[in-house]
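# Structural features, examined
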Amino acid sequence: QVQLVESGGGLVQPGGSLRLSCAASGSIGSIDVMGWYRQAPGKERELVATISSGSSTNYADSMKGRSTISRDADKNAVYLQMNDLKPEDTAVYYCKMQKIRAPPFKAVSYWGQGTQVTVSS
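Residues numbered from 1 in each chain as written. Predicted model: local features only at pLDDT ≥ 70, side-chain atom pairs only at ≥ 80, totals over all residues. Heavy atoms only, no water.

What follows covers the pairing of strand E11 (residues 115–119). Side chains Thr115, Val117 and Val119 project from E11 onto a buried face, and the interleaved Gln116 and Thr118 project onto a face without burial. Relative to E11, strand E2 (residues 10–12) runs parallel, the two being bridged by 3 bridges. Across the sheet, Val12 pairs through a bridge with Val119, a residue of E11. Relative to E11, strand E9 (residues 91–99) is paired through 3 bridges, and the arrangement is antiparallel. Residue pairing for E11: Ala91 is matched across the bridge by Val117. (Buried < 20%, exposed > 50% of the residue type's maximum accessible area, 1.4 Å probe, protein only. Helix = DSSP H or I, 4+ residues; strand = E, 2+ residues; numbered from the N terminus. Pairing = 2+ DSSP bridges.)

Structure, rendered in structure tokens:
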């Protein structure tokens, strides 16, 4: 059974930094896309950043210039370095790993349980 385990969340002051980690356990095989999403209270889950197997990255506009996503394919792990954190970054951050399939097959997605990030003075 595949499990994604996140770590690195916590309480940080505005302007501070955090590094989130996510590692997959179980027989997950190769992963095409890894990413981070977040969900604030009363809001929908939104994309933070993704990274492909070819290391192409994509960031939400709100996180560009303040965050860096990276991956370790050998460890099936993905990381998110966040700097200059703001109170509006407060949310539960979720890790996602996705295996892309050619049509008609759908992609297979795995989600972590989430880690809380709170930015407050």
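Taken together, 4 strands build an open sheet; the order of strands is E1-E3-E8-E7 and the sheet is antiparallel. Only two strands of the sheet have a single neighbouring strand rather than two, namely strand E1 (3–7) and strand E7 (67–72). Recorded for the sheet is a direction-independent mean angle of 15 degrees between the axes of neighbouring strands. For strand E3 (residues 18–25) and strand E8 (residues 77–82), the ladder comprises 6 bridges, and the chain directions are antiparallel. (Axes fitted to C-alpha atoms, helices over the stretch in contact; angles between N-to-C directions.)

With that out of the way, let us pick up the pairing of strand E5 (residues 46–52). Pairing of strand E4 (residues 33–39) with E5, which is carried by 6 bridges, proceeds in the antiparallel orientation. Of the residues in E5, the one forming a bridge with Tyr37 is Leu47. Here E4 folds back onto E5 in antiparallel fashion, the turn holding 6 residues, of which Gly42 has a positive phi close to 75 degrees. By the bridge criterion, 3 bridges tie E5 to strand E6 (residues 57–59) in an arrangement that is antiparallel. Pairing of Thr50 across the sheet is with Asn58, part of E6. Where E5 hands over to E6, the hairpin turn is made up of 4 residues, of which Ser55 adopts a positive phi near 70 degrees.

Quick look at the state of the cysteines now. What makes a disulfide is a covalent bond joining the sulfur atoms belonging to two cysteines. Within this structure, the stated rule accounts for 1 disulfide. A sulfur-sulfur distance of 2.1 Å marks the disulfide that ties Cys22 to Cys95. Disulfide Cys22 to Cys95: torsion about the S-S bond roughly -75 degrees, handedness left-handed. Remark: Cys95 occurs in strand E9 and Cys22 occurs in strand E3; sequence separation between them is 73 residues. Cys22 gets classed as buried once you look at its relative accessible area, which sits at 1%. (Disulfide = S-S within 2.5 Å.)

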